[in-house]
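# Understanding the architecture of this molecule
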Amino acid sequence: MVQFSALDRELLSGGRGPAAAFAMRLITRFAEAVDARRFIDIEAAHVDGCLYLGRASLDFVERLVALGGKVRAPTTLNVGSVDLIHPELFRGRKEIGENSARLMQAHIELGRAPTFTCAPYQTKYRPRFGAQIAWGESNAIVFANSVIGARTNRYGDFIDLCCAMTGRAPEYGLHMTENRFAEAIVEVASIPSDWEPERVAVAVGHTIGRACQSLVPAIVGLPGETSEDDLKALGAAAASSGAVPLFHAVGLTPEAPDLETACGGFEPKLRLRLSAEDLREAARSLSSVADGAPLPAVSLGTPHFSLSEFERLMPLIDGPRSLVDIFINCSRATFTKLRALGWEERLRAARVTLVVDTCAYVTTIINVDAGAVMTNSGKCAYYAPGNIGVEIAYGSIAECIASARAGKVVRL
Amino acid sequence: MVVDAVTLVSGAAEGAPLRLDEPLSFWGGFDPATGLVIDRWHPQKGACLQGRVMMMPAARGSSSGSAALAEAIRLGKAPAAILLLARDAIVIVGAMVAAELYGRACPVALVREPDWERLAAAGRLAVRAGAQRAEIQIDDR
């Protein structure tokens with residue numbers, strides 16, 4: 001049975017308005033379903049409801065708007081289906097485009113921050129270590145839990161929104177310390193000698209997602225110079241090929257100063273040892289075309305490209321102009337910083353199209369009749385063939401840029 | 001005969017049972033516009049869930065499944081009712097939201113494992129899910 005606080009009862013009875021009552025009713029049933037005993041306050045919510053998946057998702061938000069609802073917790077918004085800053089990039093059906101834009105606008109009317117990013121952890125809304133939050137979007141969830149040490153379950157459709165409207169979340173799963181210890185141990189025993197940490201992260205992430213599914217892994221043996229961007233890529237890949245909600249990178253992430261602490265004294269359910277050859281195979285399996293295949297476009301930034309990734313990219317784009325379009329997805333916050341730095345022009349001159357508020361792998365932006373799209377993302381490689389019907393090639397950022405110049409898949 | 005169950009989402013509906021041999025993700029594995037299973041790895045790919053009393057131990061995969069289920073209920077392409085062996089939050093939320101928004105019931109009930117085979121083998125099932133308790137009438141004809 002769920003125990004209600006005075007606030008919960010007030011929310012349920014409509015004392016905080018009909019929209020909050022509607023949301024509280026839904027999360028109460030959800031809490032019963034997941035066997036939570038009570039609700040806790042949340043410091044932040046990240047809502048993944050802006051992608052237009054059909055009328056029901058729009059009707060749900062419109063109902064909350066009609067009831068005069070406002071969020072009770074600081075709330076960020078995930079990507080939508082259209083780039084509101086560059087609407088001309090959308091190539092899909094007009095009706096879908098309009099409904100998508102309305103869905104994004106309705107979310108803003110509920111009092112949310114129009115971040116429209118899958119990487120809210122790159123913005124000023126980044127939560128603190130130990131914060132109780134209710135986040136949607138698989139890559140953001142795994143990043144918040146693993147890299148920051150904030151606490152969220154994998155909240156999905158409607159429920160992330162209800163947590164935002166009430167400021168409450170059911171206490172279960174990863175909100176509780178005892179459920180955050182590693183259940184699997186993954187040892188990276190050897191790494192191809194010519195690989196940068198970026199590629200190691202994607203290959204390890206893709207592999208552990210498949211092997212661990214929703215278990216919490218502790219990873220031993222990642223390179224010491226693995227950056228936050230690399231951990232982002234690792235988590236995103238692991239939450240695509242599997243449903244990994246939290247990983248511990250021993251010596252790199254805050255809840256894993258050493259393996260013993262990460263495991264909390266529990267015996268792992270699974271042990272995995274990865275060799276350099278396993279990692280090479282994982283990276284190969286992410287490409288559906290052979291090296292040398294013709295390439296009509298490159299897409300970077302799934303999850304959204306960070307400012308530090310742009311800093312790495314800028315020296316690579318100076319030189320011969322690309323033969324194909326390079327799409328780079330980023331948040332509007334990062335976009336504003338690029339403009340201030342004067343990089344937008346330099347990027348455009350290098351044939352880069354900046355895609356803001358959305359992501360090229362979930363919507364109709366890239367126009368591909370034949371050939372493959374190349375990406376630096378394990379997540380994009382996993383989903384793009386199904387979502388937007390393209391062949392895919394995976395490579396490092398440097399390989400993606402070299403391939404764009406050659407118009408075909410090039411390995412460095 | 002009548003089997004007792006626990007109500008997860010209330011409502012009344014009937015139809016022929018369809019037991020899924022493997023869990024299904026409503027997002028990516030099911031088309032809300034047609035009611036068909038479209039997961040190319042699923043053994044019942046191509047099966048139509050519309051109007052059936054769907055039996056599945058639990059759902060699988062993406063947390064985006066709730067919206068897809070709610071959309072299918074809106075379009076009248078969803079199962080008539082859903083029987084589960086575990087309290088699956090994705091299924092429950094999808095059916096609840098559709099009931100709230102459209103007043104369309106897709107009752108969801110939690111049944112006991114010993115009853116599973118008998119339910120699956122029935123010719124037709126009538127699900128009556130009240131506030132707490134649910135009853136499932138088995139019609140073998």
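Residues numbered from 1 in each chain as written. Chains lettered and ligands numbered in written order. Predicted model: local features only at pLDDT ≥ 70, side-chain atom pairs only at ≥ 80, totals over all residues.

## Examining the interface of chain A and chain B
This is how it is decided: C-beta atoms are placed from the backbone for every residue, and two residues are taken to be in contact when these atoms lie within 7 Å. In this description a helix means any DSSP run of H or I spanning at least four residues, a strand means any run of E spanning at least two, and both kinds are numbered starting from the N terminus. Residues are sorted three ways: Asp, Glu, Lys and Arg are charged, Ala, Val, Leu, Ile, Met, Phe, Trp, Tyr, Cys and Pro are nonpolar, and all the rest, Gly among them, are polar.
The interface of chain A with chain B comprises 20 residues on the first partner and 20 residues on the second. Going through the elements one at a time, helix H2 (18-33) and helix H3 (55-66) of chain A are the ones with two or more residues in the side of chain A that touches chain B. When grouped by side-chain class, the residues that make up the side of chain A that touches chain B number ten nonpolar, four polar and six charged.

## Topic: the packing of helix H7 (residues 197-212) of chain A against helix H10 (residues 276-285) of chain A
Residue and element names in this part refer to chain A. Keep this limit in mind: With axes taken as lines fitted to C-alpha atoms, and helix axes fitted only over the stretch in contact, angles between N-to-C directions fall between 0 and 180 degrees. Just so you know how the angles are binned, under 35 degrees is roughly parallel, over 145 roughly antiparallel, 65 to 115 roughly perpendicular, and the rest oblique.
Axis separation between H7 and H10 bottoms out at 9 Å; the angle between their running directions is 85°. One element, H7, and the other, H10, form an angle in the roughly perpendicular class. Along the contact surface, H7 presents Arg199, Val200, Val202, Ala203, Val204, His206 and Thr207, while H10 presents Asp278, Leu279, Ala282 and Ala283. In terms of residue class, the contact of H7 with H10 is made up of seven nonpolar, two polar and two charged.

## Observations concerning the domain arrangement of chain A
Residue and element names in this part refer to chain A. To be explicit about the condition: Domain limits in this description derive from either an automatic procedure or a database domain assignment.
Per the domain assignment, the segments of chain A are domain 1 (6-177), domain 2 (181-285) and domain 3 (297-406). Relative placement of domain 1 and domain 3: their C-alpha centres are 27 Å apart. Taken together, the contact pairs 21 residues of domain 1 with 18 residues of domain 3. Within the side of domain 1 that touches domain 3, the residues separate by chemical class into ten nonpolar, nine polar and two charged.

## Some points on helix H8 (residues 228-241) of chain A
Here is the rule we go by: To estimate how far a helix should extend, the number of its residues minus one is multiplied by 1.5 Å. Around each residue's C-beta, the other C-beta atoms within 10 Å are counted; 20 or more make the residue buried, 12 or fewer make it exposed, and counts in between make it partly exposed. All C-beta atoms are placed from the backbone.
Here H8(A) is 14 residues long and its end C-alpha atoms lie 20 Å apart, about the 20 Å a rise of 1.5 Å per residue gives. Counting buried residues along H8(A), 13 of its 14 residues qualify, which places the element largely inside the surrounding structure.

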